[in-house]
Amino acid sequence: MNAARPATAPRVVRLCLWCVVAVVVEVGLYLSYRGHDARFHWFTHFFVGSAVALVVMSVVALRTRRPVPVPLVWLLVGHLFAMLPDLAFTSGHVAHQTWMDVFLGHVSSHFVPGRNVTWYLVFLAATACYLVVLDRLRPRQ
Amino acid sequence: MSTWLAVAGGLGLLLVLAAAAKGPLDDADPAYQRPGILDLGELPVPAPTVAQGLPAPGRAAVVFFVRPDQLKPLCDALQGIELHRQPDLAVVVAGSFGPCNAEATVVADPHARLADSYGLRAPQGGGAPAGYAVVDGVGMIRYRTLDPEVTDLLDEVETILRAT
């Protein structure tokens, strides 16, 4: 029992550091939008990108038989991929075009019935999927 | 597992708070506010005349729709600004108006009929919409949105003009 402590403590610290990094970057992404946009677009792309990331995480965890490392970073990467056209819009004066749906439905995802509530439910379902996978991987007594 | 549930619950709470923070001049459906893409929905459609010679053939135009109290800040922001393609500028005011120190045509539209003819959506709080429409060189509306903060977001107008 005591022998496990030195190995566990640094791992927890490392995980928390990644949590802090992910949260700080997400706050930065939220602030990169302005006004009304922040309240709508950030949520859409976060939910879509994170849901896709959670599904990928579930598949990877099932194949490797262990939880993915630094899970919040996976969500962050999914979110960043989904919102790339917005970064191009704000920093490069590039207006949206329909082909930008390759970024996880960047344009059309805003127009699904139910809007962000729908994507929140999808995000919850993907989270539940990942938690079920984690539960299956847990060693049984 | 409890961490994941807390994150999911926290995000749901934030979503509710964010939805409640919408202002009266915002679009009731946020998907249509500042969508950032040309020719959304039924666009492009021909642009109605705002004033004589505006929009003019061969020239892009930006038609702003504002409440009377928004006119001065917008005119101040437009003064000296050089937008891509040097479009003609029009400011449609939903009421009476004072002087505008920008190079723009200002017209009164107290009953928001012009805003209706441009197809601007009604704001959540009712009344005349605040936003803008971008018209291309052949007189077609390519972009229209509610944007009560357009005075601070003229770089977005620039981005849309570059795309037309």
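Provided above is the structure to which this section pertains.
The rules behind each value
- Residues numbered from 1 in each chain as written.
- Chains lettered and ligands numbered in written order.
- Predicted model: local features only at pLDDT ≥ 70, side-chain atom pairs only at ≥ 80, totals over all residues.
- Heavy atoms only, no water.
- Helix = DSSP H or I, 4+ residues; strand = E, 2+ residues; numbered from the N terminus.
- Buried < 20%, exposed > 50% of the residue type's maximum accessible area, 1.4 Å probe, protein only.
- Lys, Arg positive; Asp, Glu negative; His and termini not counted.
- Salt bridge = Lys/Arg side-chain N within 4 Å of Asp/Glu carboxyl O.
- Contact = heavy atoms within 4.5 Å.
- Phe/Tyr/Trp six-rings, centres within 6.5 Å; stacked < 30°, edge-to-face > 60°.

Undergrad: So what about the side chain of A:Asp86? Which residues, and what values?
TA: Tracing the sequence through the fold places A:Asp86 in helix α4 (residues 84-92). Buried and without a salt bridge, A:Asp86 has B:Arg34 as its closest oppositely charged side chain, separated by 9.3 Å. In contact with A:Asp86, not counting residues within four places along its chain, are A:Tyr33, A:His41, A:His45, A:His96 and A:His106.

Undergrad: Help me get a handle on the packing of aromatic side chains, residues and values and all.
TA: Residue and element names in this part refer to chain A. One pass over the structure, following the stated rule, counts 15 aromatic pairs over all chains. Judged by centre distance (5.3 Å) and plane angle (50 degrees), the rings of Phe-47 and Tyr-120 are tilted. Of the two residues, Phe-47 is situated in helix α2 (residues 36-64) and Tyr-120 in helix α5 (residues 115-137); the sequence distance between them amounts to 73 residues. With relative accessibility at 0%, the residue Phe-47 sits in the buried group. Overall, Tyr-120 belongs to the buried group, its relative accessible area being 14%. With a centroid separation of 6.3 Å and an interplanar angle of 55 degrees, the aromatic rings of Trp-99 and Phe-103 are classed as tilted.

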